[in-house]
Amino acid sequence: MSRKTFRRGIAAVGVAALTAGMTAGITAGMAGTASGAAATLAGAAEQSGRYFGAAISAGKLGDAQYTTIAGREFGMVTPENELKIDATEPVQNQFSFARADAVVDWATARGKRVRGHTLAWHSQQPAWMQSLSGTALRTAMVNHINGVMARYQGRIHAWDVVNEAFDDGTGGRRDSNLQRTGDDWIEVAFRTARAADPAARLCYNDYNIENWTWAKTRAVYNLVKDFRARGVPIDCVGLQAHVNSGSPYDPNFRTTLSSFAALGVDVQITELDVAGASPGTYAAIVTDCLAVPRCTGISVWGVRDTDSWRAWETPLLFDGSGAPKPAYTAVLNALNAGTPGPGPTPTPTPPPGTAGCRVTYATSAWNTGLTADITIANTGTTPVSGWRLAFTLPGGQAITSGWNAAYAPARGAVTATDLGYNAAIPPAGSTAIGFQATHTGDTARPASFTLNGTACAVG
């Protein structure tokens, strides 16, 4: 969720008539839930194998009305701001998880699942990250993903790995400090996330990608298609669905959902809110999700209107006093009317991977100096994302400069660490590094190498 309120203006021709007609149908045909139907949003969604969730704020966990509604109605919890970059790493390499822990612990103690939002984003970066660029920023992004995901490994159902990376209107990549580190930054983020928690579902999340005719929608579709074709790990697409006059509901939303799903990924409606809380629009969106088997769940962005980031638009299912609105009944009825689905797509259980590596080490020496060219090959079946190559230089050798890795210390037991942009080494892949060093006569190569603790073959 972005803090800005601008959404691209699109003519809302026919939306009012559609909404009015759907509202009338819901009122006439579903005046009350059928006998035996679920009485809560979470329960109704579960009947078709889906979830219904909400964004939850740590600052409101002391509000009894808020937690009563949230505890009763929602089965999936998204920490609203607590897992964003500025909240979890306010100082570089110093992580802060107290507020995120409060939301995650509250949810899991009540048997709810958690969506993580978000790991890599151009917005809500702390000042230290905003000041970085190039290799330093890429390394910081990778370190941030690893640090946060390590904290919650096994506790987060799905992560919004990358958020809002595409531009409104043109569909091109958004100009940001992350984008300026290179076009592959999104791929690196996803590969890093898969290695950090192989069981979590990995999502790309964005707004204004609901309408199938929009250039931005097609751009995200093409990214996902490319990732699937090349084996870049991506499991789901999150469509924020902030609906207002600038981004109105269009019936082709179902086409969008089914088109993404046809690529082999799940789709999730991640931040739903509707200006004015039109019952017809809410019901239409829910019905669209129910019509697509791989639409695995829906989350609204807040609990009551007064909790919303767009409170002046009264966009949620409960009013400021905590009372359910007509839109709540419309959503509940739509969920209860859904036919049982195939159940949620199971979280992938990764096959037992094997770690393996081979190091090729070539030197060119002269008088008192030498150059070492090193190739690190991943010979295992597990992707490497973030690596440390350890070796011991023979006595008298000392590194004076290097490339494609950071080396420390300069002599003796040395560790070469990736620079972020080259952190990912897929199975059968490799990366090349090297250094210059001085020597006092012994130009031999190190006797052994280990990559992330795994002994490597040499040759």
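As the structure is a computational prediction, the values presented were derived from the model and not from experiment.

1. Some details on the sheet that holds strand 14 (residues 398-403)
The strands making up a sheet associate through hydrogen bonds between their backbones, and the pairing can be parallel or antiparallel. Taken together, 5 strands build an open sheet; the order of strands is 14-18-11-10-21 and the sheet is mixed. Of all strands in the sheet, those with a lone pairing partner are strand 14 and strand 21 (457-458), marking the two edges. Pairing analysis gives 10 bridges linking strand 10 (residues 357-366) to strand 11 (residues 369-378), with the strands arranged antiparallel. Within strand 11, the position partnered with arginine 358 by the bridge is alanine 377.

2. What about the packing of helix 11 (residues 279-290) against helix 12 (residues 326-337)?
Axis angle and axis distance: for two packed helices, these are the angle between their axes and the distance between the axes, and together they describe the pair. Helix 12 packs onto helix 11 with a crossing angle of 25° between their chain directions and a minimal axis gap of 8 Å. Judged on the interaxial angle alone, helix 12 and helix 11 are roughly parallel. Where helix 11 crosses over helix 12, the handedness of that crossing is right-handed. Listed contacts from helix 12 to Pro279, Tyr282, Ala283, Val286, Thr287 and Leu290 of helix 11 are Pro326, Ala327, Ala330, Val331, Ala334 and Leu335. Of the residues belonging to the contact of helix 11 with helix 12, the class tally is 11 nonpolar, 1 polar and no charged.

3. Things to note about the side chain of aspartate 305
Examined against the element boundaries, aspartate 305 turns out to sit in the loop between strand 9 (295-300) and helix 12. Take aspartate 305: its relative accessible area is 6%, and that puts it in the buried class. Side chain to side chain, aspartate 305 and lysine 325 meet in a polar contact 2.8 Å long. When neighbours within four sequence positions are excluded, aspartate 305 is seen to be in contact with Ala311, Thr314, Pro315, Leu316, Phe318, Asp319, Gly320 and Lys325.

4. So, the pattern of salt bridges
Using the criterion set out here, one finds 21 salt bridges in the structure. Where arginine 138 meets aspartate 184, a salt bridge forms, and the shortest distance between an N and an O atom there is 2.8 Å. Separated by 46 residues along the polypeptide, arginine 138 in helix 7 (residues 134-151) and aspartate 184 in the loop between strand 4 (158-163) and helix 8 (185-196) bring together distant segments of the chain. Given a relative accessible area of 1%, arginine 138 falls into the buried group. Relative accessible area serves as the criterion here: at 33%, aspartate 184 is assigned to the partly exposed category. Three or more residues are tied together by salt bridges with common partners; here these are Glu187, Arg191, Asp226 and Arg230.

5. As for helix 10 (residues 253-261)
When we look at burial in helix 10, the residues that qualify are Phe253, Thr256, Leu257, Ser259, Phe260 and Ala261. In this structure, the buried side of helix 10 is in contact with helix 9 (215-230), strand 6 (236-239), strand 8 (266-274), helix 11 and strand 9.

6. Some thoughts on the layout of surface pockets
It is a probe the size of a water molecule, rolled over the atoms, that shows where empty space is left. Within this model, the second largest pocket holds a volume of roughly 210 Å³. Considering the residues around the second largest pocket, the lining is formed by 13 residues, among which Ala355, Thr382, Pro383, Val384 and Asn452 are closest to the centre. The class makeup of the residues in the lining of the second largest pocket is 6 nonpolar, 7 polar and no charged.

Cut-offs used in this document
Each chain has its residues counted from 1, following the order in which its sequence is written. Local features in a predicted model are, by the rule used here, given only for residues with pLDDT of at least 70; side-chain atom pairs are given and counted only at 80 or more, and totals for whole chains, interfaces and linings are based on all residues. Heavy atoms throughout the structure, all of them, feed into the side-chain values; hydrogens and water do not. We treat two strands as partners when DSSP finds at least two bridges between them. Only DSSP runs of H or I covering at least 4 residues are called helices, and only runs of E covering at least 2 are called strands; the numbering of each starts at the N terminus. In this analysis an axis means a line fitted to C-alpha atoms, helices contributing only their contacting stretch, and an angle means the value between N-to-C directions, from 0 to 180 degrees. When describing relative orientation, an angle under 35 degrees is termed roughly parallel and one over 145 degrees roughly antiparallel, while 65 to 115 degrees is termed roughly perpendicular and anything else oblique. If you view the pair so one helix is near and one far, a crossing is left-handed when the near helix is turned anticlockwise from the far one by less than a right angle, and right-handed when it is turned clockwise. Throughout, a residue-residue contact means that at least one pair of heavy atoms, one from each residue, lies within 4.5 Å. When residue character is reported, Ala, Val, Leu, Ile, Met, Phe, Trp, Tyr, Cys and Pro are called nonpolar, Asp, Glu, Lys and Arg charged, and the others, Gly included, polar. Here's how the labels work: a residue is buried when its accessible area is under 20% of the maximum for its type, exposed when over 50%, partly exposed in between, all with a 1.4 Å probe on protein chains only. Definition of a polar contact: a pair of N or O atoms within 3.5 Å, with one able to donate and the other able to accept a hydrogen when the atoms are protein atoms, and with sequence-neighbouring residues admitted only if both atoms are side-chain atoms. Salt bridges are identified by distance alone: a Lys or Arg side-chain nitrogen within 4 Å of an Asp or Glu carboxyl oxygen. Buriedness of a pocket was judged along seven lines, with at least five required to meet protein on both sides within 12 Å; pockets are open sets of points on a 1 Å grid over the protein atoms alone, cavities are sets where a 1.4 Å probe fits but cannot get out, and lining residues have an atom within 4 Å of a point. Grid points are joined across faces, edges and corners, and a volume is the space filled by probe spheres set on the points.

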